[in-house]
Amino acid sequence: MPIRPVDAVAHVVRAAVARAAAGDMDALGDQESFATEFVLWIALSFQDAEDQRHEGQYFDLGADRAVAQALPAFLTSAMTAPLQVAGRSTDDVAEAGLAMAGKASLETRLYLARGCDVVWTAPCHGDPCIHRTALNWLVKTARVAEVGPWDQRGQRRLNVQIVGDVAERLQELAGDSIDIAVLDAAIRGLGAAASSDHCCTHDAATVLISLLDVERRAMVTQKKKGWTADHQGAHRLVAARALLEGFAKNGDVSSVLEHLDVLRADGGLMSNFLRGLAAAGAENERLAEAAREIWPPLLRHATGYLRDDPSPYRDRHWGDWAADALLPNPLPWTQGLYNEVVGAPIDWVRAEDLVELIDDWLPAACGEVKCVDGLINILHRLPAEVQVTRGLRWVSDLCIQDGRVTVKQSWLSNNWLKEIRSTAEELDHLNERQMLVDALVVAGNEGLAPYSR
């Protein structure tokens, strides 16, 4: 899509406003009034616009996206001077935010929620406080998350505007009456709000807990009916980030495990959530450390699902994905629509923390090609002697059960077996390695044939 002049201007203004809000007021030069009026002009234009919720467009270079991300900064005391120069007040900003929260596209609302990050770290300011104003915006974004009854004339179910307590109303609805995509902006913003300290932290956390419960319940209900609004896992990434933010603040893993407990009803839902959690950890150092700390108890807890009937790891379509996702590999999942990576993504995995848990994981992964590669990805992070002394048996257990080869080759297995040969010889494990190679060759692995006896 070509860039319009207004889009380019909007992103220049967004960058300048971000620097000004951080203390570099010179970034605005002598254009304080222009920048302020430009942002408010675009944001307030949504008052007279049609509801763009179903725009169905992904365009992060759009002017509305840039303005949505810049607008919240004008609530902070750092931007009081530009507002005054333009003859505006935080009341105008609050009004503009509500307009965008109620009528902008879902993607633009998500950018508005991201922009509110600067508010949660700012001191209280104004009456009503800027934190209350931003919280009202987030709640506003979710007011159309209810899907009404079948409309015979329109031959579809229409979204309903919720009046009153949004979280309470959504809790009352059946899972198939929830528009999951509409919840993204609120959950994204509330995750940041609940993990910061300000006058509305408790209220933000309360609403967040409720919306996360609504979302996971709706996902399971809708998947059981044969459809889902989250084929690519974008919505679960938003939820995963919010939960990881919460863990980074309070160190309590229970909220993450509760979320996983519900989503395990479907292997696809479970795997997407785990991928989202791993990808969120790659976004910044704070979340990376949280992901490192959370993964051992998460893996220990999730191996207990083997006792479920049915177990998510036996899901005909997604069971291998669910089992593989338990061994984190964040980097391949950091290039989605709504990842928030600034700079290079962080490969946060600390494989040594997971070593003692892999034996319990193996039964979930036996006979699955994808899981063999997932295990080898973890082994590559460990010392060569550990790869040989423990990894050889693990890979063998995944590939061979009761004397029958169930995985003769994966993308990584052949190269890995070649790489560890010298170390296996040094540690007197060469015979064990050779037995595995021979078994795979007999089963049809031609790539290892030259290395077989």
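You'll find the structure just up there.
Note that the coordinates shown come from a computational prediction; the quantities given were computed from them, not determined experimentally.

Draft legend 1. The arrangement of the overall build of the chain in detail. When you go through the chain residue by residue, the secondary structure sums to 22 helices and 4 strands. The principal-axis extent of the C-alpha atoms belonging to the chain is close to 85 × 55 × 45 Å. Sorting the 453 residues of the chain into buried and exposed places 53% on the buried side. Here the analysis covers contacts within the chain between residues at least 6 apart in sequence; of these, 73% occur between residues at least 24 apart. Within the structure as shown, the chain displays about 19,900 Å² of accessible surface, and the carbon and sulfur contribution to it stands at 51%.

Draft legend 2. Expanded view of unusual backbone geometry. A cis amide bond, omega 5°, links Asp-127 with the succeeding residue Pro-128. Geometrically, the link from Asp-309 to Pro-310 is a cis peptide bond, its omega value of 5° lying close to zero. One can find Pro-310 in the loop between helix H15 (285-302) and helix H16 (319-325). Its identity is not glycine, yet Asp-402 carries a phi of approximately 55°, on the positive side.

Draft legend 3. Just the pairing of strand S2 (residues 156-160), in detail. By the bridge criterion, 4 bridges tie strand S1 (residues 146-151) to S2 in an arrangement that is antiparallel. Paired with Trp-150 across the bridge in S2 is Arg-157. In textbook terms, the turn of a hairpin is the stretch between consecutive antiparallel strands, and for S1 and S2 this stretch comprises 4 residues, one of which, Gln-155, has a positive phi near 55°.

Draft legend 4. Region of interest: the environment of Glu-32. Within the secondary structure layout, Glu-32 lies in helix H2 (residues 32-44). Along the backbone, Glu-32 and Leu-430 are 398 residues apart, and their C-alpha atoms lie at a distance of 71 Å.

Draft legend 5. Main features of helix H5 (residues 90-103). Taking 1.5 Å of rise per residue, 14 residues should cover 20 Å, and H5 covers 20 Å from first to last C-alpha, within 8% of that figure. Along H5, the residues classified as buried are Asp-92, Val-93, Ala-94, Ala-96, Gly-97, Ala-99, Met-100, Ala-101 and Gly-102.

Draft legend 6. Representation of the pattern of salt bridges in the model. Counted by the stated rule, this structure contains 33 salt bridges. One salt bridge in this structure joins Arg-188 and Asp-117, with 2.7 Å as the shortest N-O distance. On the criterion of sequence distance, the pair formed by Arg-188 in helix H10 (residues 184-194) and Asp-117 in helix H7 (residues 117-120) is long-range, its members being 71 residues apart. The buried category is assigned to Arg-188, whose relative accessible area is 6%. In this structure Asp-117 comes out as partly exposed when scored by relative accessible area, which is 29%. For the salt bridge of Arg-188 with Glu-340, the shortest nitrogen-to-oxygen distance reads 2.7 Å.

Draft legend 7. Main features of the nonpolar core. Core analysis: the biggest nonpolar cluster contains 148 residues, and Leu-71, Leu-170, Trp-295 and Trp-361 have the highest contact counts within it. The element best represented in this core is H15, accounting for 9 residues. Once residues lying within four places of it in the same chain are set aside, the contact partners of Leu-170 are Ala-145, Glu-146, Ile-162, Ile-178, Leu-183, Leu-211, Val-214 and Arg-217.

Draft legend 8. Just the state of the cysteines, in detail. Following the criterion strictly, the structure yields 0 disulfides and no others. With no disulfide of its own, Cys-124 lies closest to Cys-129 among cysteine sulfurs, the gap being 3.7 Å. With no disulfide of its own, Cys-371 has Cys-366 as its nearest cysteine by sulfur position, at a separation of 9.0 Å.

Draft legend 9. Highlighting the environment of Glu-446. Within the secondary structure layout, Glu-446 lies in the segment after helix H22 (430-442). Glu-446 gets classed as exposed once you look at its relative accessible area, which sits at 68%. For the pair formed by Glu-446 and Lys-408, sequence separation is 38 residues and the distance between their alpha carbons is 9.5 Å.

Draft legend 10. Structural context of the side chain of Ser-196. Locating Ser-196 in the fold gives a position in the loop between H10 and helix H11 (201-224). The exposure class of Ser-196 is buried, given its relative accessible area of 15%. A polar side-chain atom of Ser-196 sits 3.1 Å from the main-chain carbonyl oxygen of Ala-192. If we ignore the near neighbours within four places in the chain, the residues touching Ser-196 are Trp-120, Thr-201 and Lys-249.

Draft legend 11. Focus on the side chain of Ser-271. Along the chain, Ser-271 turns up in helix H14 (residues 267-281). At 3.0 Å, the side chain of Ser-271 and the backbone oxygen of Gly-268 are in polar contact. Excluding residues that lie within four positions of it along the chain, Ser-271 makes contacts with Trp-318, Trp-321, Ala-322 and Ala-325.

Draft legend 12. Structural detail: the packing of helix H13 (residues 254-263) against H15. Contact geometry of H13 with H15 gives a least axis separation of 11 Å together with a crossing angle of 35°. When the axes of H13 and H15 are compared, the crossing they make is right-handed. Across from Val-256, Leu-257, Leu-260 and Asp-261 in H13, the residues of H15 making contact are Ile-294, Leu-298, His-301 and Ala-302. Here the residues of the contact of H13 with H15 sort into 6 nonpolar, 1 polar and 1 charged.

What counts as what
- Residues numbered from 1 in each chain as written.
- Predicted model: local features only at pLDDT ≥ 70, side-chain atom pairs only at ≥ 80, totals over all residues.
- Heavy atoms only, no water.
- Helix = DSSP H or I, 4+ residues; strand = E, 2+ residues; numbered from the N terminus.
- Buried < 20%, exposed > 50% of the residue type's maximum accessible area, 1.4 Å probe, protein only.
- Contact = heavy atoms within 4.5 Å.
- Areas by Shrake-Rupley, 256 points an atom, 1.4 Å probe, with all protein chains shown as cover.
- Pairing = 2+ DSSP bridges.
- Expected span 1.5 Å × (residues − 1).
- Salt bridge = Lys/Arg side-chain N within 4 Å of Asp/Glu carboxyl O.
- Core = buried A, V, L, I, M, F, W, Y, C linked by side-chain atoms within 4.5 Å.
- Disulfide = S-S within 2.5 Å.
- Polar contact = N/O pair within 3.5 Å; in protein donor to acceptor, adjacent residues only side chain to side chain.
- Axes fitted to C-alpha atoms, helices over the stretch in contact; angles between N-to-C directions.
- Left-handed = near helix turned anticlockwise from the far one by under 90°.
- Nonpolar A, V, L, I, M, F, W, Y, C, P; charged D, E, K, R; others polar.

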